[in-house]
There are 2 protein chains.
Amino acid sequence: MNKEQIAVKMILDRWNASIKNLDVVLAALNDDDLMREVAPGKNRGYYLLGHLIAVHDDMIKLMGLGEKLYPELHEPFIKNADKVMVDEFKVSDLRLNLNRQNEWMKQQFDAFTNDDWYDKHTAVSQEEFVAEPHRNKLNIVLTRTTHLQYHLGQLKLITKHDN
Amino acid sequence: MNKEQIAVKMILDRWNASIKNLDVVLAALNDDDLMREVAPGKNRGYYLLGHLIAVHDDMIKLMGLGEKLYPELHEPFIKNADKVMVDEFKVSDLRLNLNRQNEWMKQQFDAFTNDDWYDKHTAVSQEEFVAEPHRNKLNIVLTRTTHLQYHLGQLKLITKHDN
């Protein structure tokens with residue numbers, strides 16, 4: 001394994017471990033728990049769950065993998081803040097969406113070659129990419145991993161109650 | 001810039017941006033704000049600030065850069081949970097420690113060559129490293145960046161009051 005392959009492994013390991021952490025945190029909370037705010041007046045678990053799925057859905061487009069799986073989540077979970085729109089989705093359905101999305105993305109990622117990872121993402125032009133070769137698909141995974149960890153730290157604050 | 005250098009840049013960019021985010025979050029809170037819990041019954045800002053400095057201090061050893069700058073922070077901020085020990089430090093001093101540590105680490109990181117980044121960290125043996133070349137210094141920065149983002153998401157929940 002050469003250094004550029006090692007770097008890909010390092011970043012994918014962090015992504016996969018973070019997705020696994022998310023699964024563990026969500027598995028410890030029931031659907032009612034997830035309707036609670038992570039702290040008084042802050043986002044609810046429901047919103048953060050939808051937000052993460054919607055942000056990961058954007059990765060699909062940025063990485064040139066096709067269309068979003070759940071475009072209906074953009075409006076309530078990215079464009080708008082929590083508690084602005086009526087709650088349209090069931091927590092149980094969001095959980096299923098997340099699981100399907102994780103499986104689908106894993107299959108896609110497994111098929112990437114090393115060169116694919118260092119190839120430009122779709123929001124950068126070929127011209128810009130020559131000067132800024134770090135704007136590649138691997139960087140999409142890296143930045144969304146840190147985004148996921150940021151919200152994981154918040155989700156972890158929801159206290160489990162006996163419902 | 002070849003791919004292995006691009007990967008180093010990507011990971012250091014995320015570290016530097018996360019440290020910058022931490023500065024911005026801390027600058028928006030005064031010392032009294034930081035004595036508050038991020039959510040009811042959870043860690044205080046004070047503890048998370050000390051915890052991050054202590055964890056970053058461990059990086060110094062793991063990356064073979066010498067001894068910790070603030071070994072006295074290990075006991076109250078890593079070994080023990082929040083509110084177990086008497087609060088021994090002033091928030092203002094912790095802020096200074098963090099700034100000095102960030103400057104010192106930046107100087108050290110700036111002097112690293114590309115090969116240094118892919119060299120083994122100090123907690124792995126030469127033998128293990130042959131089989132697991134991802135256990136390098138760059139990975140220390142990557143894993144601590146995700147750790148930092150996890151706690152950043154929590155610090156961001158502290159509401160600023162007019163003290």
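**Concerning the packing of helix α1 (residues 3–27) of chain B against helix α7 (residues 137–155) of chain B**
Residue and element names in this part refer to chain B.
Inference 1: In contact at an axis separation of 9 Å, α1 and α7 are set at 30° when each is read in the N-to-C sense. The pairing of α1 with α7 is recorded here as roughly parallel in orientation. Here α1 and α7 pass one another in a crossing that is left-handed. On α7, the residues that touch V8, I11, L12, R14, W15, S18, I19, N21, L22 and V25 of α1 are L138, V141, L142, R144, T145, L148, Q149, L152 and L155.
Inference 2: Residue composition of the contact of α1 with α7, grouped by class: 13 nonpolar, four polar and two charged.

**Notes on the interface of chain A and chain B**
Many analyses report the size of an interface as the accessible area lost when the parts associate.
Inference 1: Contact with chain A, which involves 32 residues of that partner, is made by 32 residues of chain B.
Inference 2: Carbon and sulfur atoms supply 74% of the area that chain A and chain B bury against each other, a total of about 3000 Å² over both sides.
Inference 3: In terms of surface lost to chain B, no three residues of chain A exceed K3, M10 and Y150 of chain A, which account for 22% of the buried area on that side.
Inference 4: Across the chain A-chain B interface, the total number found is two salt bridges.
Inference 5: One can count six residue pairs in polar contact (both at pLDDT 80 or more) joining chain A with chain B.

**Section: the packing of helix α7 (residues 137–155) of chain A against α7 of chain B**
Inference 1: As a packed pair, α7 of chain A and α7 of chain B sit with axes 6 Å apart at the nearest point and diverge in direction by 40°. In terms of orientation, α7 of chain A and α7 of chain B fall into the oblique class. Every pair of crossing elements has a handedness; the one defined by α7 of chain A and α7 of chain B is right-handed. Only L142, T145, T146, Q149, Y150, L152, G153 and Q154 of chain B of α7 of chain B make contact with α7 of chain A, whose side of the interface consists of L142, T145, T146, Q149, Y150, L152, G153 and Q154 of chain A.

**So, the packing of aromatic side chains**
Inference 1: Scanning the model with the defined rule gives 14 aromatic pairs over all chains in all.
Inference 2: Ring centres of W15 of chain A and F109 of chain A lie 6.4 Å apart, and the angle between their planes is 55°; on these two criteria the pair is classed as tilted. With W15 of chain A in helix α1 (residues 3–27) and F109 of chain A in helix α4 (residues 91–110), the pair connects residues that are 94 residues apart, well separated along the chain.
Inference 3: Overall, the relative accessible area of 4% leaves W15 of chain A in the buried class.
Inference 4: Geometrically, the ring pair formed by Y46 of chain B and F77 of chain B is edge-to-face, given 5.4 Å between the ring centres and 65° between the ring planes.

**Focus: the pattern of salt bridges**
Inference 1: Applying the stated criterion to the full structure yields 22 salt bridges over all chains.
Inference 2: D115 of chain B is the partner of K3 of chain A in a salt bridge, and the nearest nitrogen-oxygen pair spans 3.4 Å. Residue K3 of chain A is located in helix α1, and its partner D115 of chain B is located in helix α5 (residues 114–117); the two belong to separate chains.
Inference 3: Here K68 of chain B and D58 of chain B are joined by a salt bridge, their closest N and O atoms 3.0 Å apart. Of this pair, K68 of chain B sits in the loop between α2 (45–62) and α3 (74–79) while D58 of chain B sits in helix α2, and the two are ten residues apart along the sequence.
Inference 4: Classification of D58 of chain B as partly exposed rests on a relative accessible area of 24%.

**Things to note about the confidence of the model for chain A**
Interpreting fine coordinate detail is not advised for predicted regions of low pLDDT.
Inference 1: Confidence in the prediction of chain A, expressed as mean pLDDT, is 97, and 99% of residues score 70 or more.
Inference 2: The ipTM assigned to the predicted complex is 0.97, against a pTM of 0.97.

**Some remarks on the side chain of E4 of chain A**
Inference 1: Position of E4 of chain A relative to the elements: it lies in helix α1.
Inference 2: One buried charge, E4 of chain A, has no salt-bridge partner; the nearest side chain with opposite charge is K3 of chain B, at 4.3 Å.
Inference 3: Other than its neighbours up to four places away in sequence, E4 of chain A contacts N114 and Y118 of chain A together with K3 and E4 of chain B.

**A short note on the relation of the copies chain A and chain B**
Inference 1: Overlay of chain A on chain B (RMSD 0.0 Å): rotation 180°, translation along the axis 0.0 Å. Those values place the two copies in the arrangement expected of a two-fold rotation axis.
Inference 2: When the interface residues of chain A are mapped onto chain B, 100% of them again fall at the interface, so both copies present the same face.

**Observations regarding the nonpolar core**
Inference 1: Counting residues in hydrophobic clusters, the biggest one holds 97 residues, and the most contacted among them are F109 and W117 of chain A together with F109 and W117 of chain B.
Inference 2: At the level of secondary structure, the elements contributing two or more residues to this core comprise α1, α2 (45–62), α4 and α7 of chain A together with α1, α2, α4 (91–110) and α7 of chain B.
Inference 3: With residues near it in sequence (within four places) discarded, F109 of chain A still touches L12, W15, M59, M63, L65, W117 and V141 of chain A.

Parameters at a glance
Residues numbered from 1 in each chain as written. Chains lettered and ligands numbered in written order. Predicted model: local features only at pLDDT ≥ 70, side-chain atom pairs only at ≥ 80, totals over all residues. Heavy atoms only, no water. Axes fitted to C-alpha atoms, helices over the stretch in contact; angles between N-to-C directions. Helix = DSSP H or I, 4+ residues; strand = E, 2+ residues; numbered from the N terminus. Parallel < 35°, antiparallel > 145°, perpendicular 65-115°, else oblique. Left-handed = near helix turned anticlockwise from the far one by under 90°. Contact = heavy atoms within 4.5 Å. Nonpolar A, V, L, I, M, F, W, Y, C, P; charged D, E, K, R; others polar. Buried area = accessible area lost by both parts, 1.4 Å probe. Salt bridge = Lys/Arg side-chain N within 4 Å of Asp/Glu carboxyl O. Polar contact = N/O pair within 3.5 Å; in protein donor to acceptor, adjacent residues only side chain to side chain. Phe/Tyr/Trp six-rings, centres within 6.5 Å; stacked < 30°, edge-to-face > 60°. Buried < 20%, exposed > 50% of the residue type's maximum accessible area, 1.4 Å probe, protein only. pLDDT = per-residue confidence, 0-100. Lys, Arg positive; Asp, Glu negative; His and termini not counted. Least-squares fit on C-alpha atoms with pLDDT ≥ 70 in both. Core = buried A, V, L, I, M, F, W, Y, C linked by side-chain atoms within 4.5 Å.

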